Amino acid sequence: MAATLRIQSDWSRALRWEWSLSFSVLDPVPVSLTAASSLCSKDEGEAWLSCRSPGKPTLYGSVTRRGLSSDGVPDIVASEGFVVGEVTKKSILISCPHENVSTKFLAPYTSFCRIHQKSITCLDISSGGGLGVSTSTDGTMKIWQAANGEIRRLLEGHVYDVNCCRFFPSGLVVLSGGMDAQLKIWSAEDASCAVTFKGHKGGILDTAIVDRGRNVLSCSRDGTARLWDCGKSACLGVIADCGCPVNGIAVGAADNSLNLGTPEKPPSEREVGTEGKILLLAREDKKLQGVGLQSRQPIFLFVGSDAFNCCTFLSSTYLLAGTQDGNIYQLDVRNTNAPIQVIHRSGAPVLSLLPYQDGFIASQGN
């Protein structure tokens, strides 16, 4: 049974740190790690704590900052029922012994506040770590230096909002999809648009790149997922037609024991790297679907608690998917009849998932 430990208060009078959430190892008993984002400007302050375990009364308390030590580390104490562990300039470890839960709250390593004027909707970092690309509700898509946030390029060409962006493995090219139903490929060096793909009938919601990028994938509000040939600027086929918006996709190598089906006709010679791959589809109709990328054949269909927003592979065997009502499902592709575990930290929508070391990072709408 999962317990949730969180900090929630008006931090403008609290700990002078801006906190981001630190997320989760894949333990048999999932432990929730959550923090509210905030800042403060005083040496002293208080923030509220709560620890929630399903079916039990919520435990409330507080943490208080009493100033700085001689080496600049905040002096933090917790109220009864909570224990402050290791404190550094960038993190606080807090535990609730009664529920056997601990959470490390992390401050950002670096913050860039001048790249966009409004909320960021999508972000990616190049394979070498030197460049970032991001889209925003301010209507812009920008490439910037990951080291200092300096804006390098403004990518202009989509008619309406840009929903998604990602670097090709080379780090020199960017793929984007927008509400104008267009998929575009950009040069990160001079901001030119080399290729525009047209074929979707609704806004593009997510993209994926196959291997080195001779082929790319997209999904759309029109309910389809499509495979594209970058060299010929052509659609190689509709991989799936779901009859409802497809909010997110992910492509990965399949476990050797999995039967991916056989294509009804030989694949085009322009298809590169599709053999042995599964395409995951996070669907609006509460379904997570797996499709053989080359065969176009359905592999599994899992029904969740609400619309699926995002999905990712942890390995060739295990995958994650997040829903609008805050559930994170871990599944084994060899048997999707029941999830390995369901992690629920809050009712806020799960917006993105990223594998990290032995666990993963997730973002939610709160």
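In the block above lies the structure referred to throughout.
Rules behind the numbers
- Residues numbered from 1 in each chain as written.
- Predicted model: local features only at pLDDT ≥ 70, side-chain atom pairs only at ≥ 80, totals over all residues.
- Heavy atoms only, no water.
- Helix = DSSP H or I, 4+ residues; strand = E, 2+ residues; numbered from the N terminus.
- Buried < 20%, exposed > 50% of the residue type's maximum accessible area, 1.4 Å probe, protein only.
- Contact = heavy atoms within 4.5 Å.
- Areas by Shrake-Rupley, 256 points an atom, 1.4 Å probe, with all protein chains shown as cover.
- Pairing = 2+ DSSP bridges.
- Axes fitted to C-alpha atoms, helices over the stretch in contact; angles between N-to-C directions.
- Phe/Tyr/Trp six-rings, centres within 6.5 Å; stacked < 30°, edge-to-face > 60°.
- Patch = residues over 30% accessible without salt bridge, like charges linked within 9 Å, V, L, I, M, F, W, Y side chains within 5 Å.
- Salt bridge = Lys/Arg side-chain N within 4 Å of Asp/Glu carboxyl O.
- Polar contact = N/O pair within 3.5 Å; in protein donor to acceptor, adjacent residues only side chain to side chain.

K.L.:
When you look at the overall build of the protein in this model, what are you seeing that I'm missing?
P.N.:
Helix and strand counts for the protein come out as 0 helices and 30 strands. Buried positions account for 49% of the 366 residues belonging to the protein. Within the protein, contacts between residues at least 6 apart in sequence are counted, and of these 46% link residues at least 24 apart. Within the structure as shown, the protein displays about 17100 Å² of accessible surface, and the carbon and sulfur contribution to it stands at 48%.

K.L.:
Help me understand the pairing of strand β14 (residues 173-178) in this model?
P.N.:
Two faces belong to every sheet, and in a regular strand the side chains alternate between them. Counting buried positions along β14 gives 5 out of 6 residues, so the element sits mostly inside the fold. Sheet topology places strand β13 (residues 162-167) next to β14; 5 bridges connect them, and they run antiparallel. Within the sheet, the bridge partner assigned to Phe167 lies in β14 and is Val174. Alignment of β14 against strand β15 (residues 182-187), held across 5 bridges, turns out to be antiparallel. Directly across from Gly177, in β15, lies its bridge partner Leu183. Between the end of β14 and the start of β15, which pair antiparallel, lie 3 residues, with Ala181 showing a positive phi angle near 65°.

K.L.:
Which parts of the structure should I look at to understand the pairing of strand β22 (residues 277-283)?
P.N.:
With respect to burial, β22 is a largely interior element, 7 of its 7 residues being buried. Burial along β22 is two-sided: Lys277, Leu279, Leu281 and Arg283 and Ile278, Leu280 and Ala282, pointing in opposite directions, are all buried. Judged from the 7 bridges that link them, strand β21 (residues 246-253) and β22 form a sheet pairing that is antiparallel. Among the inter-strand pairings, Val251 is bridged to a residue of β22, identified as Leu279. Two strands pair when backbone bridges link them, and β22 and strand β23 (residues 287-292) are joined in this way by 5 bridges, in the antiparallel orientation. When the bridges of β23 are listed, Ile278 appears paired with Gly292. Hairpin connection of β22 to β23: 3 residues between the antiparallel strands, including Lys286 at a positive phi of 75°.

K.L.:
Help me understand the sheet that holds strand β8 (residues 101-106), please; the structure alone is not making it clear to me.
P.N.:
Hydrogen bonding along the main chain pairs the strands of a sheet, whether they run parallel or antiparallel. One open sheet holds the 3 strands; their spatial order is β6-β7-β8, and the pairing between them is antiparallel. If you trace the sheet from one side to the other, it starts and ends with β6 (83-87) and β8, each paired once. For this sheet the average axis-to-axis angle between neighbouring strands, irrespective of direction, equals 20°. Bridge analysis of strand β7 (residues 91-96) against β8 gives 6 bridges, and the strand direction is antiparallel. Following the sheet pairing, Cys96 is matched in β8 by Val101.

K.L.:
Sorry if this is basic, but what is going on with the packing of aromatic side chains here?
P.N.:
Aromatic ring pairs: the centre-centre distance and the angle between the two ring planes describe each pair. Applying the stated criterion across every chain, the model contains 5 aromatic pairs. On the basis of an interplanar angle of 40° and a centroid distance of 5.1 Å, the ring pair of Phe197 and Trp228 is categorised as tilted. Linking Phe197 in strand β16 (residues 193-198) with Trp228 in strand β19 (residues 224-229), this pair joins segments that are 31 residues apart in sequence. These aromatic residues form a ring-pair network of at least three members: Phe302, Phe308 and Tyr329.

K.L.:
Teacher, can you tell me more about a nonpolar patch on the surface here?
P.N.:
A cluster of nonpolar side chains, namely Ile120, Leu123 and Ile125, defines an oily patch on the protein surface of about 260 Å² accessible area. Mapped onto the elements of the fold, Leu123 is located in strand β9 (residues 120-125). With a relative accessible area of 44%, Leu123 lands in the partly exposed category.

K.L.:
So what exactly am I meant to see when it comes to the environment of Val246 here?
P.N.:
Mapped onto the fold, Val246 is located in strand β21. On a C-alpha basis, the gap between Val246 and Gly223 in space is 5.5 Å, while along the polypeptide they are 23 residues apart. Not counting residues within four places of it along the chain, the set of residues in contact with Val246 comprises Leu205, Cys219, Ser220, Gly223, Thr224, Leu281 and Ala282.

K.L.:
I'm lost on the sheet that holds β15 in this one. Help?
P.N.:
Read from one edge to the other, the open sheet built from 4 strands follows the order β13-β14-β15-β16, with strand pairing classed as antiparallel. The sheet is open, and its two borders are formed by β13 and β16, each paired with just one other strand. Sheet twist, expressed as the average angle between the axes of neighbouring strands with direction ignored, equals 20°. The pairing of β15 with β16 spans 5 bridges and is classified as antiparallel.

K.L.:
Would you mind showing me how to read the side chain of Ser136 here?
P.N.:
One can find Ser136 in strand β10 (residues 131-136). Here the side chain of Ser136 touches Asp138 through a polar contact of 3.0 Å, landing on its backbone nitrogen. Residues within four places of Ser136 in sequence aside, it is in contact with His116, Lys118, Ser119, Ile120 and Thr121.

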